[in-house]
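So you can see what is in the structure, the chains are spelled out below.
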Amino acid sequence: TNRIGLAATASSALSASFSVFSGPASIADGTNLSFSGYGPVELHVDQAGDDNFLAAPTVTNRFNALGPILSVSGSADFGPALVGRQTITNVFVFTNAGSAPLRIASVVTNGAQASSFSLRLTSSVLSVSSVVQVPVVFDPQWGETNTASFVITFDGTNSPYTVDVTGFGYGG
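Not measured: the values here are computed from a predicted model. (Residues numbered from 1 in each chain as written. Predicted model: local features only at pLDDT ≥ 70, side-chain atom pairs only at ≥ 80, totals over all residues. Heavy atoms only, no water.)

*Asks:* Help me out: how do you make sense of the overall build of the chain in this one?
*Replies:* The number of helices and strands found in the chain is 0 helices and 15 strands. Expressed along its principal axes, the backbone C-alpha trace of the chain runs to roughly 90 × 20 × 20 Å. Looking at the chain as a whole, 34% of its 172 residues are labelled buried. Considering only intrachain contacts with a sequence separation of at least 6, the fraction spanning at least 24 residues in the chain is 61%. (Helix = DSSP H or I, 4+ residues; strand = E, 2+ residues; numbered from the N terminus. Buried < 20%, exposed > 50% of the residue type's maximum accessible area, 1.4 Å probe, protein only. Contact = heavy atoms within 4.5 Å.)

*Asks:* It is not clear to me how the sheet that holds strand E3 (residues 25-28) should be interpreted in this structure. Could you clarify?
*Replies:* Adjacent strands of a sheet pair through backbone hydrogen bonds, lying either parallel or antiparallel. Judged by pairing direction, the sheet is antiparallel, and its 3 strands sit side by side in the order E1-E4-E3 without closing on themselves. Only two strands of the sheet have a single neighbouring strand rather than two, namely strand E1 (3-5) and E3. Taken pair by pair, the neighbouring strands of this sheet meet at an average axis angle of 25 degrees, ignoring direction. (Pairing = 2+ DSSP bridges. Axes fitted to C-alpha atoms, helices over the stretch in contact; angles between N-to-C directions.)

*Asks:* When you look at the side chain of serine 149 in this model, what are you seeing that I'm missing?
*Replies:* Here serine 149 lies in strand E14 (residues 144-154). Reaching out from serine 149, the side chain makes a polar contact with the side chain of aspartate 164 at a distance of 2.5 Å. Beyond its immediate stretch of four places on either side in the chain, serine 149 contacts Val108, Thr109, Asn110, Thr162, Val163 and Asp164. (Polar contact = N/O pair within 3.5 Å; in protein donor to acceptor, adjacent residues only side chain to side chain.)

*Asks:* Is there a simple way to think about the nonpolar core in this case?
*Replies:* The tendency in soluble globular proteins is for nonpolar side chains to be buried side by side. Ranked by internal contacts, the top residues of the largest apolar core, which has 21 residues, are Phe78, Phe92, Phe94, Ile152 and Val165. Counting only elements with at least two residues in this core, the list comes to strand E7 (70-73), strand E8 (77-82), strand E9 (88-96), strand E10 (102-110), strand E11 (117-119), strand E13 (131-138), E14 and strand E15 (161-170). At 4 residues, E14 tops the list of elements feeding residues into this core. One finds Phe18, Ala25, Phe35 and Val45 within the second-largest nonpolar core, a separate group that totals 9 residues. (Core = buried A, V, L, I, M, F, W, Y, C linked by side-chain atoms within 4.5 Å.)

*Asks:* What is the right way to look at the packing of aromatic side chains in this model?
*Replies:* The geometry of an aromatic ring pair comes down to the distance between the two centres and the angle between the two planes. By the definition in use, this model includes 6 aromatic pairs. Taken together, Phe78, Phe92, Phe117 and Phe138 form an aromatic cluster joined through their ring pairs. (Phe/Tyr/Trp six-rings, centres within 6.5 Å; stacked < 30°, edge-to-face > 60°.)

*Asks:* Honestly, the side chain of glutamate 42 in this entry has me stumped. Any pointers?
*Replies:* Positionally, glutamate 42 belongs in strand E5 (residues 39-47). For glutamate 42, a relative accessible area of 13% puts it in the buried group. Excluding residues within four positions of it along the chain, glutamate 42 makes contact with Ser19, Val20, Phe21, Ser22, Thr60, Asn61 and Arg62.

Just geometry here; none of it tells us what the structure is for.
See below:
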């Protein structure tokens, strides 16, 4: 969620006020905390005094607005394959371990043998806590060692995420 309702009570029964001291957040209508991005947030709670009670000291709460967090697991070493005659498919597991949907903006394949590898992503959105199996195909275009990197750009806190892959091409 992008909005959290805040509440505070005191033995004096006086009302408390909330404010964002720093970070990608704001307060609306006095008690609705909304996030405009991800990262550290510092929230202050104050209670003014009156004729019967002194003002309370400011209470500070620090936390991270996490957003989406990508993790990728799977075998990055495809082993050997015959150039032009054989392909190998490994399945990578993409996990959104964050607290918001993860939206993939791009996947770029880099490296001298980038054309030997393809990532077959079927959806660009991973819901919270979702796990998606993603086939990655090694189709060697050159003999000897083939290497490449997939650079995954998305709207999360650990973007871009890079996955290095390698395989060996026989022949060619």
